[in-house]
Amino acid sequence: MTQTEIELDEHLKGLLARLRSVPPLDPQAVVQERANFLAQGELFLAAVSQQPRRRHIGWINTLVLTFQRKERIPMLNTLMAIVVTITLLFSGAGATVYAAQDSLPDEPLYPVKTWSEDVRLSLVSSPQGQLDLTLDYTDRRVAEIASLQATAKPVSEGVTARLQEELDAALQIAAWMDDPQMVQALAQIRLLAETQSQTLTTLMGGGSSQGDPMLARLRERLQEQVRLAVAGEADPQGFRLQVRERLRDRQKMPSHTPNPTQPGPATRTPSVTPVPTGNSYGPGPDGSQTTGTPGHYGPGNPNPSQTPMPTGSSYGPGPGAGQLSATPGGYGPGPQAGTSTCTPAQNGGGPGPGPQNPTVTQQPGGPGPGSGQSTVTPQQGGNPGSEQPTEPPGQGDRP
Amino acid sequence: MLERAQRFEKEALAEIFDRYNPGVYRYAMRLLGDTDLARECMAETFSRFLNALRRGVGPNDYLQAYLYRIAHNWITDYYRSKPPPSLPLDHELRSDPAEEPPQMVADEMELQQVRSALALLTPDQRQVITLKYLEEWENEDIARALNKPVGAVKSLQHRAIESLRRLLRRQVEMDYDTN
């Protein structure tokens, strides 16, 4: 006998015992309830073929019952529906973007890839972060070109144009940085461009003039990137001016119309613009520098020495005598001390008509007494040393 | 038998009903004190049992404890939704005409007091009192029916008896105050 039973006194026992006597249910009622019970069982018997399957998935019902609330909360159901919908939408979009990262230009998901790159770049605020991403994207483009070449597929113009835009964007971002940071960034740009140039050389079969002309142009552009980076490491201020001129020339060029089936390059003008250190308009030591840029893809001045030299150089902080800071042609050779030769790359490398290309702009500036040569071809007669500069000193347009 | 019932074999279902329907009815009748309610409870208990088999969540053993648990839940829900039932005095009075009417009325009033006290217990306390002292189950069986350890069942019995005694004492005091 348990302790509880001992505690149950006689009076309580007697009361409870009287509850034990329960009159039995009416036999007719029992028969009726029994018939109802068996009829319900027969009804379920029709679906008995599902029983083995239910036995295997029974744990799902148990799981559902575990989390099933007796009290229903309508607002909770609405919230759950919203949460589930948002989750499905975002997870689906995220999966698509993730799946697009390995796509090639001839694949349907490639626009998603480039779009995601642009979005990701727009979310980065620091110049170094933007530079890292941009360089990473140039690497992606080269890898895409390599993949296309490996499968004997044509390299679309959209991809090459986008790569060139990214190369330009990397230069612009670097130009915005302070001198020490810029030097490091240019070294980064240079190393990557060298590697990418070697990759294209390999793709072209090793020869300098073999393979796809488009690849050849790209390789020359990468070599130009190397030269610009090298020059920038030596002369940060001159590099900034060059970048600015490149941007200005590019803005003058007709906009690139990519292949509708291929995504075109995104406009990658960074929100920040380079600010040259110091006064860009002061006279340089020799005044021989020029900012004339005959055009990104156009023929440069084949003989800069024959062009009229402005009385005052537009920008004159050139360090060396006769140093040319202009970018004569899109793919021409870089400046050389003492002389300036412009080799337009787009037109087969031959010298262009020179003065016939009037696209160069004159940059008014302070008087430059130097005796160096200039490539500037003044428009509309020019006004060397004009006292009415077209833009205020120190506030020139930035790349 | 349970495996056959899970396949909805008619003979197995009939055997289960015949074996357990008197006990389930008695259990409901003792707690509810109403024939119709007890019958409804019994019918609903066996119907829910079939539905559980259909969903594949029915019992694998201890069918009796499972059925009493269903009945207990039904009664608990009933107490939550409705006040305790009134006592059908006329029906009980006719059940045993040999007794003296005044004594029968007094007995029925006392039974009503016990049922009211039981109704005021918590559902688990009510079930443990009913199964232990009315159905005379062993603690192990009660533990299965309540899905609790045996030790917890003993502790529950102790608290249930204390509560029942206190409730009955309060009723007696109220009767004295009324008189």
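Residues numbered from 1 in each chain as written. Chains lettered and ligands numbered in written order. Predicted model: local features only at pLDDT ≥ 70, side-chain atom pairs only at ≥ 80, totals over all residues.

Peer 1: What am I meant to see in the overall build of chain B here?
Peer 2: Each helix and strand counted, chain B has 9 helices and 0 strands in total. Taken from the N to the C terminus, the helices and strands of chain B come in the order α-α-α-α-α-α-α-α-α. Within the span of chain B, comprising 179 residues, buried residues form 36% of the whole. Contacts in chain B between residues far apart in sequence, at least 24 positions, make up 60% of those at least 6 positions apart. (Helix = DSSP H or I, 4+ residues; strand = E, 2+ residues; numbered from the N terminus. Buried ≥ 20, exposed ≤ 12 C-beta atoms within 10 Å, placed from the backbone. Contact = placed C-beta atoms within 7 Å.)

Peer 1: Explanation requested: the overall build of chain A in the structure shown.
Peer 2: When you go through chain A residue by residue, the secondary structure sums to 12 helices and 0 strands. Going from N to C terminus, chain A has its helices and strands arranged as α-α-α-α-α-α-α-α-α-α-α-α. Counting across all 399 residues of chain A, residues that qualify as buried make up 37%. Looking at chain A alone, contacts between residues at least 24 apart form 76% of all its contacts between residues at least 6 apart.

Peer 1: Mind showing me how you'd approach unusual backbone geometry here?
Peer 2: Here Ala152 of chain A, not a glycine, exhibits a phi torsion of approximately 60 degrees, which is positive. Relative to the elements of secondary structure, Ala152 of chain A occurs in the loop between α8 (127–150) and α9 (157–176). Unlike most non-glycine residues, Asn147 of chain B shows phi in positive territory, near 60 degrees. Positionally, Asn147 of chain B belongs in the loop between α8 (139–146) and α9 (150–178). Of the residues examined, Asn147 of chain B has 10 C-beta atoms within 10 Å and is grouped as exposed.

Peer 1: Any chance you could explain the interface of chain A and chain B here in plain terms?
Peer 2: How big an interface is tends to be reported as the loss of accessible area on association of its parts. The interface is formed by 33 residues belonging to chain A together with 35 residues belonging to chain B. When contributions to the side of chain A that touches chain B are tallied by element, the ones reaching two or more residues are α1 (3–7), α2 (10–20), α3 (27–45), α4 (51–56) and α5 (58–67) of chain A. In terms of residue class, the side of chain A that touches chain B is built from 16 nonpolar, 9 polar and 8 charged. (Nonpolar A, V, L, I, M, F, W, Y, C, P; charged D, E, K, R; others polar.)

Peer 1: What's the story with the packing of α9 of chain A against helix α11 (residues 213–234) of chain A in this structure? I'm lost.
Peer 2: In helix packing, the relevant descriptors are the interaxial angle and the interaxial distance, both defined with respect to the helix axes. All names here are of chain A. The contact between α9 and α11 brings their axes to 11 Å, and the two run at 5 degrees. In terms of axis orientation, α9 runs roughly parallel to α11. Residue-level inspection shows Thr160, Leu163, Gln164, Leu167 and Leu171 of α9 in contact with α11, the latter providing Met214, Leu218, Arg221, Gln225 and Leu228. (Axes fitted to C-alpha atoms, helices over the stretch in contact; angles between N-to-C directions. Parallel < 35°, antiparallel > 145°, perpendicular 65-115°, else oblique.)

Peer 1: So what exactly am I meant to see when it comes to the environment of Ser126 of chain A here?
Peer 2: Along the chain, the position of Ser126 of chain A falls in the loop between α7 (110–122) and α8. Along the sequence, Ser126 of chain A and Ile173 of chain A sit 47 residues apart, while their C-alpha atoms lie 9.9 Å from each other.

Peer 1: When you look at the confidence of the model for chain B in this model, what are you seeing that I'm missing?
Peer 2: Do not read the predicted coordinates in detail wherever pLDDT is low. All names here are of chain B. Chain-level statistics for chain B give a pLDDT mean of 80 and a share of 84% at 70 or above. Averaged pLDDT values for the elements of chain B fall to 47 in helix α5 (residues 89–95) and rise to 90 in helix α3 (residues 35–55). Counting interchain partners and residues more than four positions distant, the pLDDT-below-50 stretch residues 85–94 has 11 contacts. Quick note on the complex model: pTM equals 0.37, ipTM equals 0.74. (pLDDT = per-residue confidence, 0-100.)

Peer 1: I keep staring at the nonpolar core and nothing clicks. Help me out?
Peer 2: Nonpolar side chains in soluble globular proteins generally cluster together in the buried interior. Counting residues in hydrophobic clusters, the biggest one holds 50 residues, and the most contacted among them are Val24, Ala28 and Ala71 of chain B. When contributions to this core are tallied by element, the ones reaching two or more residues are α2 of chain A together with α2 (10–32), α3, α4 (63–81), α6 (101–120), α7 (123–134), α8 and α9 of chain B. Of the residues forming this core, the biggest block, 11 residues, is contributed by α2 of chain B. The residues contacting Val24 of chain B, other than those within four sequence positions of it, are Met42, Thr45, Leu67, Tyr68 and Ala71 of chain B. With 31 residues, the next largest nonpolar core counts Ile173, Ala193, Phe239 and Val243 of chain A among its residues. (Core = buried A, V, L, I, M, F, W, Y, C linked by C-beta atoms within 7 Å.)

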